[in-house]
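In case you want the letters, here they are:
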Amino acid sequence: QIELTLEALQSKLPMADFFRANRQFIVARRAVRDISVWFGSRLSANLALETPERIVIPKARVHDFKDWLKE
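## Things to note about the confidence of the model for the chain
Phase 1 of the analysis: Here the chain shows a mean pLDDT of 94. Residues at 70 or above account for 99%.
Phase 2 of the analysis: At the low end of the mean pLDDT range in the chain sits helix α1 (residues 6–12), at 94; at the high end sits strand β1 (residues 18–20), at 98.

Here's what the structure looks like:
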């Protein structure tokens, strides 16, 4: 169990390898299998491993997420 907030954890991870997808998830670049369009101009990040819920990238973060994937 990790005792850090996601903000604290995010500050310790390399930005090139990890992205804060939303309030609940930080995703690793190597775990992203593909992305798909989700409702309301949002994206769904599909990971190589199963997650208990869908990881949705909010509309405001879609551009940053796509740029991060292209790096």
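## Let's talk about the nonpolar core
Phase 1 of the analysis: Grouped together as the largest cluster of nonpolar side chains are 15 residues, with contacts concentrated most on A21, V27, L47, I55, I57, F65 and W68.
Phase 2 of the analysis: Mapped onto this core, the elements with two or more residues apiece are β2 (26–28), β4 (42–47), β5 (55–57) and α2 (62–70).
Phase 3 of the analysis: Apart from the residues lying within four places of it in its own chain, the contact partners of L47 are V27, A31, V32, R33 and I55.

## Focus: α2
Think of an α-helix as 3.6 residues a turn; residues three or four steps apart then line up on the same face.
Phase 1 of the analysis: Among the residues of α2, those classed as buried are V62, F65 and W68. One face of α2 carries all of its buried residues, which in axial projection span an arc of 125 degrees. Turned more than 90 degrees off the buried face of α2, the exposed positions are H63 and K70.
Phase 2 of the analysis: Residues of α2 that are buried sit in contact with β1, β2, β3 (32–38), β4 and β5.

Calculation notes
Residues numbered from 1 in each chain as written. Predicted model: local features only at pLDDT ≥ 70, side-chain atom pairs only at ≥ 80, totals over all residues. Heavy atoms only, no water. pLDDT = per-residue confidence, 0-100. Helix = DSSP H or I, 4+ residues; strand = E, 2+ residues; numbered from the N terminus. Core = buried A, V, L, I, M, F, W, Y, C linked by side-chain atoms within 4.5 Å. Buried < 20%, exposed > 50% of the residue type's maximum accessible area, 1.4 Å probe, protein only. Contact = heavy atoms within 4.5 Å. Arc of directions from axis to C-beta.

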